[in-house]
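This is what each chain is made of:
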Amino acid sequence: MSVSPERDTQLTERGNPLRDARDRRLPLIAGPSSMVMFGVTGDLAKKKLLPAIYDLANRGLLPPSFGLVGFGRRDWSHDDFAQYVRESVEAHARTPFVETTFEQLRGGLRFVTGEFDDPAAFEELTEVVGELDRTRGTGGNHAFYLSIPPSAFPQVCEQLANSGLNTPQDGSWRRVVIEKPFGHDLASARELNDVVEKVFRPEDVFRIDHYLGKETVQNLLAFRFANAMFEPIWNAHYVDHVQITMAEDIGIGSRAGYYDGIGTARDVIQNHLLQLLALTAMEEPISFDAAELRAEKEKVLAAVELPTDLAAHTARGQYVGGWQGGEQVKGYLEEEGIPAGSTTETFAAMRLDIATRRWAGVPFYLRAGKRLGRRVTEIAVVFRRAPFLPFRSTDTADLGQNAIVIRVQPDEGVTMRFGSKVPGTQMEVRDVTMDFAYGASFTEESPEAYERLILDMLLGDPPLFPRQREVELSWQILDPITAFWAEHMPPEPYRAGTWGPDSAHKMLARDGRTWRRP
Ligand code: BG6
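Overview of the structure.

Conventions used here
- Residue numbers run consecutively from 1 along every chain, following the written order of its sequence.
- Restriction of local features to residues with pLDDT of at least 70 applies here, the model being predicted, together with a cutoff of 80 or more for giving and counting side-chain atom pairs; totals for whole chains, interfaces and linings are based on all residues.
- Side-chain calculation: all heavy atoms of the structure are included, whereas hydrogens and water are not.
- Two strands pair if DSSP finds at least two bridges between them.
- Think of it this way: any DSSP run of H or I at least four residues long counts as a helix, any run of E at least two long counts as a strand, and we number them from the N terminus.
- To obtain each axis, a line is fitted to C-alpha atoms, and for helices this fit is confined to the stretch in contact; angles are then taken between N-to-C directions over 0 to 180 degrees.
- Roughly parallel means an angle under 35 degrees; roughly antiparallel means over 145; roughly perpendicular covers 65 to 115; every other angle is labelled oblique.
- Two helices cross in a left-handed way if the nearer one is turned anticlockwise from the farther one by less than a right angle. They cross in a right-handed way if the turn is clockwise.
- Contacts: residue pairs with any heavy atoms within 4.5 Å of one another.
- When residues are sorted by character, Ala, Val, Leu, Ile, Met, Phe, Trp, Tyr, Cys and Pro go into the nonpolar class, Asp, Glu, Lys and Arg into the charged class, and all the rest, Gly among them, into the polar class.
- Here a residue is considered near a molecule or strand provided that any single heavy atom belonging to it is located within 4 Å of it.
- Polar contacts, as counted here, are pairs of nitrogen or oxygen atoms within 3.5 Å of one another; within protein the pair requires one atom able to donate a hydrogen and one able to accept it, and residues that are adjacent in sequence qualify only if both atoms are side-chain atoms.
- Values of accessible area rely on a 1.4 Å probe in the Shrake-Rupley scheme; residue burial ignores everything except the protein chains shown.
- In this analysis, a patch consists of residues with relative accessible area above 30% that form no salt bridge, clustered at 9 Å for like charges and at 5 Å for the nonpolar side chains Val, Leu, Ile, Met, Phe, Trp and Tyr.
- The term salt bridge refers to a side-chain nitrogen of Lys or Arg lying within 4 Å of a carboxyl oxygen of Asp or Glu.
- A 1.4 Å probe rolled over the protein chains alone gives each residue an accessible area, and that area as a share of the maximum for its type sets the label: buried under 20%, exposed over 50%, partly exposed in between.
- The span one expects for a helix is its residue count, reduced by one, times 1.5 Å.
- Clockwise travel from the first strand over the helix to the second, with the strands pointing away from the viewer, marks a crossover as right-handed.

1. A closer look at the pairing of strand 16 (residues 413–421)
Part 1 of the reasoning: Inspection of the sheet shows strand 15 (residues 403–409) paired to strand 16 by five bridges, in the antiparallel sense. The partner of V405 across the bridge, within strand 16, is T415.
Part 2 of the reasoning: With antiparallel pairing between neighbouring strands as the criterion, strand 15 and strand 16 make up a hairpin whose turn holds three residues.
Part 3 of the reasoning: Bridging between strand 16 and strand 17 (residues 429–437) involves nine bridges; their strand directions are antiparallel. When the sheet's bridge partners are listed, K421 is paired in strand 17 with V429.

Here's what the structure looks like:
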């Protein structure tokens, strides 16, 4: 996946995959550029974005001519900002702290103080990026990272346009990076997009869904399309159902302001889980070019059908206090900043069907939640039972269904479950598992999702960034569910540390199935 025309040609060439294989494995290094970060004092920047930039520098993937400009209200000098970046890196970077790497990066750190609607601050910003172009050689290539609430997008975009910062000159580029939530329903997603695309060309808008930056998620493509043995059984003839789980053991922490009124479905199902569904269910793209990959994902999202009985085939919950990891934890309503009687869900589950020849009749069950039994994200493809078992029923009493489980995190890998004979004189068959674990097969540690995504954005490499149509299709799926919930289905309490409300279990029981216990 890459930008350079040369590499794009290689990737779309299907003739000789081994040609230039050595060149293709060389890591791509970002070109001269700078990144302006709005919301640099926020949690995401501190814990993920700044450390990821340092990690890229430490891996030699950023050029010496790289600049990073923080924009915010704090009355900081460039040195104050450098100290802030240093602390964030020391506390959260994946790779070890190397003084020379940091010093190199530090040479390109700048800070601009101002409000998002202050023309004078944007004038100063224009001067600062110009200065970086001259002194650091950033080449007029500037990315604007909006790690800020969507309500502030209009102001920032307007100022960027007024100051001309959105307009590239002499073959340079200008890009904008936006973080979810991309709206809170279809209508607001469209409005938000209009605001951004008034100022930046669609191909210069990079929407971050950090799940797509995860190694294990990209491995879904390799697992399905680099192997001969899985694709023939990846369809309704063999698959009974699919379960996609994103369980977190944490509560909402200090994010009440963001989370309340948003809830699990909008926070992670609209983006992360529907992207996982699309990658699991899509047809093989003719190449991994952005347009081809996105088109296949969009076809799946467009073919999703909702259950007719939403009360029976969706579930919605809110955690109440309980015990987790030996610690007593608060309920959602007792968390700081949550209004009394809030009906925001912290657990969501739903059955979706995909009306295509490949998937007709195969339910995809999605569930996500906070304060669940443990932190785990996985995609489990559960197969139909063998049509006939030439054993006595007692010999196969414990036999489950075959399954392939893609373990996205934390224990990254793939598990296959199948029946095996128990040693002994009887033909007793029981489930066993066969395991691929990243840690056991590779010596390289997986980069953080943001490392990959920031690098791809600087390279102008778009396949891992959803385009607006995917965002809209996802809201189209979710809107009827959230509307139904708002009117008819307040969240059902579940105790922290459990696997969600009773209704989630009943939802699967109705279909004669059970959720996996990861
Ligand atoms: C974010 C959500 O997108 O993903 C958070 O807003 C959630 O609520 C987080 O905690 C989980 O990310 P990860 O990478 O830890 O699974």
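Read on, since the account is not over.
2. Brief notes about the packing of helix 12 (residues 290–303) against helix 16 (residues 468–488)
Part 1 of the reasoning: Helix 16 packs onto helix 12 with a crossing angle of 15° between their chain directions and a minimal axis gap of 9 Å. The pairing of helix 12 with helix 16 is recorded here as roughly parallel in orientation. Seen along the crossing, helix 12 lies across helix 16 with a hand that is left-handed. Between helix 12, through R294, K297, E298, L301 and A302, and helix 16, the contact on the second element is made entirely by R469, E470, L473, S474 and I477.
Part 2 of the reasoning: Broken down by class, the residue content of the contact of helix 12 with helix 16 amounts to four nonpolar, one polar and five charged.

3. Remarks on the site of the ligand
Part 1 of the reasoning: As a structural note, the neighbourhood of the ligand is formed by 14 residues, with Y211, K214, E248, D267 and Q409 the closest of them.
Part 2 of the reasoning: At 2.7 Å from an oxygen atom of the ligand is found a side-chain nitrogen or oxygen belonging to K370.
Part 3 of the reasoning: Taking R375, its side chain carries an N or O atom lying 3.4 Å from an oxygen atom of the ligand.
Part 4 of the reasoning: Taking 400 Å² as the accessible area of the ligand by itself, protein coverage stands at 82%.
Part 5 of the reasoning: Residue contributions to the shell around the ligand peak at three residues, all from helix 11 (residues 263–281).

4. Details of the sheet that holds strand 2 (residues 66–72)
Part 1 of the reasoning: In spatial order, the strands read 3-2-1-4-5-6; together these six strands make up an open sheet with parallel pairing. The sheet is open, and its two edges are formed by strand 3 (109–113) and strand 6 (205–208), each paired on a single side. Each neighbouring strand pair of the sheet contributes to a mean axis angle of 20°, computed without reference to strand direction.
Part 2 of the reasoning: Running at roughly 155° to strand 5 (residues 174–179), helix 15 (residues 449–459) makes contact with strand 1 (33–38), strand 2, strand 4 (142–146), strand 5 and strand 6 of the sheet.

5. Observations regarding a nonpolar patch on the surface
Part 1 of the reasoning: A cluster of nonpolar side chains, L389, F391 and M427, forms an exposed patch at the surface whose accessible area comes to about 230 Å².
Part 2 of the reasoning: Using a relative accessible area of 39% as the deciding quantity, one classes M427 as partly exposed.

6. Focus: the environment of F383
Part 1 of the reasoning: Relative to the helices and strands, F383 resides in strand 14 (residues 376–383).
Part 2 of the reasoning: Assessed through its relative accessible area of 7%, F383 is described here as buried.
Part 3 of the reasoning: Sequence spacing of F383 and W234 is 149 residues, and the spatial spacing of their C-alpha atoms is 9.1 Å.
Part 4 of the reasoning: Dropping the residues within four chain positions of it, F383 is found in contact with I233, Y238, V239, D240, Q401, N402, A403 and I404.

7. Structural notes on the pattern of salt bridges
Side chains carrying opposite charge are able to pair once their charged atoms draw close together.
Part 1 of the reasoning: Tallying each qualifying case throughout the model produces 32 salt bridges.
Part 2 of the reasoning: Notably, a salt bridge pairs R94 with E445, separated by 3.9 Å at the nearest N-O pair. Residue R94 is found in the loop between helix 4 (78–92) and helix 5 (99–106), and its partner E445 is found in the loop between helix 14 (438–441) and helix 15; the two are separated by 351 residues along the sequence.
Part 3 of the reasoning: Given the relative accessible area of 57%, E445 is considered exposed.
Part 4 of the reasoning: Between R207 and E197 there is a salt bridge, and its shortest N-O distance comes to 3.2 Å. One end of the pair, R207, is in strand 6; the other, E197, is in helix 8 (residues 186–197), and 10 residues separate them in sequence.

8. Looking at unusual backbone geometry
Part 1 of the reasoning: With an omega dihedral of 5°, the bond running from K180 to P181 counts as a cis peptide bond.
Part 2 of the reasoning: Here P181 lies in the loop between strand 5 and helix 8.
Part 3 of the reasoning: The residue after Q409, namely P410, is reached through a cis peptide bond having omega 0°.
Part 4 of the reasoning: Tracing the backbone shows P410 in the loop between strand 15 and strand 16.
Part 5 of the reasoning: Phi at D170 is positive, roughly 50°, even though this residue is not glycine.
Part 6 of the reasoning: Residue D170 is classed as exposed on the basis of its relative accessible area, which comes to 83%.
Part 7 of the reasoning: In this structure, R371 takes a positive phi of about 55° despite not being glycine.
Part 8 of the reasoning: Mapping R371 onto the fold places it in the loop between strand 13 (364–369) and strand 14.
Part 9 of the reasoning: Judged by its relative accessible area of 15%, R371 falls in the buried class.

9. A closer look at helix 6 (residues 119–135)
Part 1 of the reasoning: Between its first and last C-alpha atoms helix 6 spans 24 Å; for 17 residues at 1.5 Å apiece the expected length is 24 Å, and the two agree.
Part 2 of the reasoning: Every buried residue of helix 6 is listed here: A121, F122, L125, V128, V129, G130 and L132.
Part 3 of the reasoning: On the buried face of helix 6, the contacting elements are strand 1, strand 2, strand 3, strand 4 and helix 7 (153–162).
Part 4 of the reasoning: Its side-chain oxygen at 3.0 Å from the backbone nitrogen of A120, D118 defines the N-terminal cap of helix 6.
Part 5 of the reasoning: Positive backbone phi, approximately 80°, marks G137, located one or two places after helix 6.

10. Describing helix 12
Part 1 of the reasoning: With 14 residues, helix 12 extends 20 Å between its outermost C-alpha atoms, agreeing within 8% with the 20 Å of an ideal straight helix rising 1.5 Å per residue.
Part 2 of the reasoning: All of the buried residues in helix 12 are A290, L293, R294, E296, K297, E298, V300, L301 and A303.
Part 3 of the reasoning: Its buried side turned inward, helix 12 meets helix 9 (215–225), helix 11, strand 8 (304–305), strand 12 (347–354) and helix 16.

11. Considering the pairing of strand 4
Part 1 of the reasoning: Counted residue by residue, strand 4 has five buried out of five residues, so it is predominantly covered.
Part 2 of the reasoning: A two-sided burial pattern is seen for strand 4, the buried positions comprising H142, F144 and L146 on one face and A143 and Y145 on the other.
Part 3 of the reasoning: Here five bridges tie strand 4 to strand 5, and the two strands are oriented parallel to one another. The partner of Y145 across the bridge, within strand 5, is V177.
Part 4 of the reasoning: Taking the sense of rotation as the criterion, the β-α-β connection linking strand 4, helix 7 and strand 5 turns out right-handed.

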